[in-house]
Amino acid sequence: MEATVATHPPVAAAARRKPFYRSLWGQVLLGVAIGIVLGLVSPSTGEAMQPLGLAFIRLITMIIPLVIFCTIAAGIAGMDSMKKVGRVGGKALIYFEVATSLALVIGLAVGALTQPGAGFNADPATLNADAVAGYAGQAKAQTITDFLVQIIPTSVIEAFARGSILSVVFVSVLFGFALSTLGSKVKPLLDMLDGLTQAVFAVVNILMRLAPIGAFGAMAFTIGRFGPSVLGSLAQLIVTLWIVSALFVVIVLGGISLVAGFNIIRFLKYIKEEIVLVLSLSSSDPVLPSLMKKLEKLGCSKGLVGLVTPTGYVFNPDGSCLYMALAAVFVAQATNTVLTAADYITLFAVAALTHKGASGVQGASFIALVGTLMVIPSIPVAGMALILGVDRFMSMCRATVNVISNGVATLVVARWEKELDAETLRSNLASVT
């Protein structure tokens, strides 16, 4: 039976198309282009632009906990029943596990078939293990119990101060449950929460005006610091990751989108501003607020978006899974480590847990990969020094795939919940100019 038509209005087509240079994504592209030129012409000056990119990321990151709290708490309080909250969460987790497992399998298979590390003949004893030591110190073997316990903060304030997405989601869900059970008694508080939500998104809109400057600084630093010369012999690994990631988006996510009733290309066009920004910043965190807002405009309920999208940042990093699987196989091949079928199975099993620590923050996937290799003695962790210098170029790719995959996941769950019918969703996406 076809779902009922969503009550949300279709995305309004612009009466007059903005000039390229006046749109946010156009300004971000210009910032990226200027940053690339500066990094190539004057590497030292480009490298000095790093604070601009870092400052913008921190500005957005500081507001993300409030965005998540307001969206989830108000959304759950407004849901018809608590059964729906559990149902949405359960469906989302099922989808996340299937998607990330598929990404890990594809990454391992592509690494085994293309062998991007073959011919390096790197001796682990001669590699700069000290360069990886700092990451190894942050990467700790983690059991499922440890992971679940860390979700619970020692205080409500710590959840926001630490910036852990999952801890903030946990506190927000509890608060939303409480508001829902109290009903009309807390209507003034709900009204205040709604006003706070509007204020928070107004702050986000103000901060996003600085996105072109942040993109300029981040790209100028990347090209100035790492430049085209650092790519060299690692070009095959980088190109392989970008190609397999593009195919994953078009074929895998495209197939999932087709089943869900929408076109992946139109969706990519709809979130083009977020894609350009993530590519330039190498981080998915800054676009979380705007991505959530756009998904609501497509017809997804505020509560569903608040539950699925932030949680997906932790449980559904498909791009990080592709990277971790491919890079692990690369390190093994580059150090002439022969992987058996048992090793591949172990890699999959360990990465299925460690990837959940690879959410949003720059370098988190690299740390998670180091943690994965620490559990598998046959692969030398020192081999990670081979890809440390080009990790930034791969970070751009994995962060972008993470954002796209979580947008698709939210729409799939919304369709699964019959909040949004296919015709309305297609109409909303088709109206994008």
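Predicted model, so just to flag it, every value in this text is computed and none were measured.

Engineer: Mind laying out the overall build of the protein chain, listing which residues take part and the relevant values?
Structural biologist: Counting its regular elements, the protein chain contains 21 helices and zero strands. Looking at the 433 residues of the protein chain, the share that counts as buried comes to 55%. Partitioning the intrachain contacts of the protein chain with sequence separation of at least 6 by distance along the chain shows that 84% fall at a separation of at least 24. Only carbon and sulfur atoms are counted for the fraction: they give 67% of the accessible area of the protein chain, which is about 18500 Å².

Engineer: Please set out the environment of Lys356 residue by residue, giving values where relevant.
Structural biologist: Assignment of secondary structure puts Lys356 in the loop between helix 17 (341-354) and helix 18 (364-374). Look at Lys356 and you get buried, because its relative accessible area is 9%. Spatially, the C-alpha atoms of Lys356 and Ser320 are 9.4 Å apart, while their sequence positions differ by 36 residues.

Engineer: Please set out the pattern of salt bridges residue by residue, giving values where relevant.
Structural biologist: The tally for this structure, following the rule as stated, stands at six salt bridges. The residue Glu417 makes a salt bridge to Lys91 at a minimum N-O spacing of 2.8 Å. In this pair, Glu417 is assigned in the loop between helix 20 (391-416) and helix 21 (422-430) and Lys91 in helix 4 (residues 82-114), connecting sequence segments 326 residues apart. Residue classification places Lys91 among the buried positions, given a relative accessible area of 15%. Here Lys294 makes a salt bridge to Glu274, at a shortest N to O gap of 3.0 Å. You can see Lys294 sitting in helix 14 (residues 288-297) and its partner Glu274 sitting in helix 13 (residues 272-281), a full 20 residues away along the chain. In this structure, Lys294 and Glu274 share a single accessibility class: buried.

Engineer: Explain the packing of helix 13 against helix 20 residue by residue, including any values.
Structural biologist: Here helix 13 crosses helix 20 at 150°, and the two axes come no closer than 8 Å. The orientation of helix 13 with respect to helix 20, classified from their angle, is roughly antiparallel. Considering only the axes of helix 13 and helix 20, their crossing is right-handed. In this structure, helix 13 contributes Ile275, Val278, Leu279, Ser280 and Leu281 to the contact, and helix 20 contributes Arg392, Met396, Ala399, Thr400, Val403 and Ile404.

Engineer: Residues and numbers for the side chain of Ser245, please.
Structural biologist: By secondary structure assignment, the location of Ser245 is in helix 11 (residues 235-260). Apart from the residues lying within four places of it in its own chain, the contact partners of Ser245 are Leu322, Cys397 and Val401.

Engineer: Please provide a residue-by-residue account of the nonpolar core, values included.
Structural biologist: Inside soluble globular proteins, nonpolar side chains tend to come together where they are buried. Ranked by size, the top nonpolar core spans 126 residues in total, and within it Phe267, Leu277, Tyr323, Leu369, Met384, Ile387 and Leu411 carry the most contacts. Excluding anything up to four places from it in sequence, Ile387 contacts Leu234, Leu237, Tyr323, Ala327, Phe330, Phe366, Leu369 and Met394.

Engineer: Help me get a handle on the packing of aromatic side chains, residues and values and all.
Structural biologist: Centre distance and the angle of the planes are the two values used to describe a pair of aromatic rings. A complete count under the given rule lists four aromatic pairs for this structure. With a centroid separation of 5.2 Å and 50° between ring planes, the pair formed by Phe69 and Phe175 is classed as tilted. With Phe69 in helix 3 (residues 50-77) and Phe175 in helix 8 (residues 165-182), the pair connects residues that are 106 residues apart, well separated along the chain. Here the aromatic rings of Phe262 and Phe267 are separated by 6.1 Å at their centres, their planes lie at 70°, and the arrangement is edge-to-face.

Engineer: Give me helix 16 (residues 318-334): which residues, what numbers.
Structural biologist: In this model helix 16 runs 24 Å from its N-terminal to its C-terminal C-alpha over 17 residues, within 8% of the 24 Å that 1.5 Å per residue would give. Burial runs high along helix 16: 17 of the 17 residues are buried. Immediately downstream of helix 16, the backbone of Asn336 shows phi near 60°, a positive value.

Engineer: So what about the side chain of Lys294? Which residues, and what values?
Structural biologist: Classification of Lys294 by relative accessible area gives buried; the value is 15%. Once you skip the residues sitting within four places of it in the chain, Lys294 turns out to touch Tyr270, Ile271, Glu273 and Glu274.

Engineer: A description of unusual backbone geometry should follow, citing residues and the corresponding values.
Structural biologist: Excluding glycine, most residues fall at negative phi; most peptide bonds, likewise, are trans. Positive phi values are uncommon outside glycine, yet Gln115 reaches one of about 50°. With respect to the helices and strands, Gln115 occurs in the loop between helix 4 and helix 5 (130-138). In the Ramachandran plot, Asn336 falls in the positive-phi region, its phi being about 60° despite a non-glycine side chain. Here Asn336 is to be found in the loop between helix 16 and helix 17.

Engineer: Give me the confidence of the model for the protein chain: which residues, what numbers.
Structural biologist: Residue-level pLDDT values for the protein chain average 81, and 85% of them are 70 or greater. Per-residue pLDDT, averaged within each element of the protein chain, yields its smallest value for helix 5 (51) and its largest for helix 12 (residues 264-270) (94). Scored below 50 in pLDDT, residues 1-8 makes 21 contacts in the model with residues more than four places away or belonging to other chains. Note that residues 10-15 has pLDDT below 50 and, in this model, eight contacts with residues that lie over four places away or in other chains.

Engineer: Provide a residue-level description of the packing of helix 3 against helix 15 (residues 302-315), including the pertinent values.
Structural biologist: Close contact between helix 3 and helix 15 brings their axes to 7 Å; oriented N to C, the two are set at 135°. If you check the angle between helix 3 and helix 15, you find them oblique. As helix 3 packs across helix 15, the resulting crossing turns out to be left-handed. From helix 3, Ile68, Thr71, Ile72, Gly75 and Ile76 reach across to helix 15, where they touch Lys302, Gly303, Gly306, Leu307 and Pro310. Its residues assigned to classes, the contact of helix 3 with helix 15 comprises five nonpolar, four polar and one charged.

Engineer: Give me helix 21: which residues, what numbers.
Structural biologist: Ala422, Thr424, Leu425, Asn428 and Leu429 are the residues of helix 21 that are buried. Down the axis of helix 21, the sector holding all buried residues measures 165°, keeping them to one side. Each element contacted by the buried residues of helix 21 is listed here: helix 12, helix 14 and helix 20. A distance of 3.2 Å separates the backbone nitrogen of Glu423 from a side-chain oxygen at the start of helix 21, and that oxygen is part of Asp421.

Basis of the calculations
Residues numbered from 1 in each chain as written. Predicted model: local features only at pLDDT ≥ 70, side-chain atom pairs only at ≥ 80, totals over all residues. Heavy atoms only, no water. Helix = DSSP H or I, 4+ residues; strand = E, 2+ residues; numbered from the N terminus. Buried < 20%, exposed > 50% of the residue type's maximum accessible area, 1.4 Å probe, protein only. Contact = heavy atoms within 4.5 Å. Areas by Shrake-Rupley, 256 points an atom, 1.4 Å probe, with all protein chains shown as cover. Salt bridge = Lys/Arg side-chain N within 4 Å of Asp/Glu carboxyl O. Axes fitted to C-alpha atoms, helices over the stretch in contact; angles between N-to-C directions. Parallel < 35°, antiparallel > 145°, perpendicular 65-115°, else oblique. Left-handed = near helix turned anticlockwise from the far one by under 90°. Core = buried A, V, L, I, M, F, W, Y, C linked by side-chain atoms within 4.5 Å. Phe/Tyr/Trp six-rings, centres within 6.5 Å; stacked < 30°, edge-to-face > 60°. Expected span 1.5 Å × (residues − 1). pLDDT = per-residue confidence, 0-100. Nonpolar A, V, L, I, M, F, W, Y, C, P; charged D, E, K, R; others polar. Arc of directions from axis to C-beta. Polar contact = N/O pair within 3.5 Å; in protein donor to acceptor, adjacent residues only side chain to side chain.

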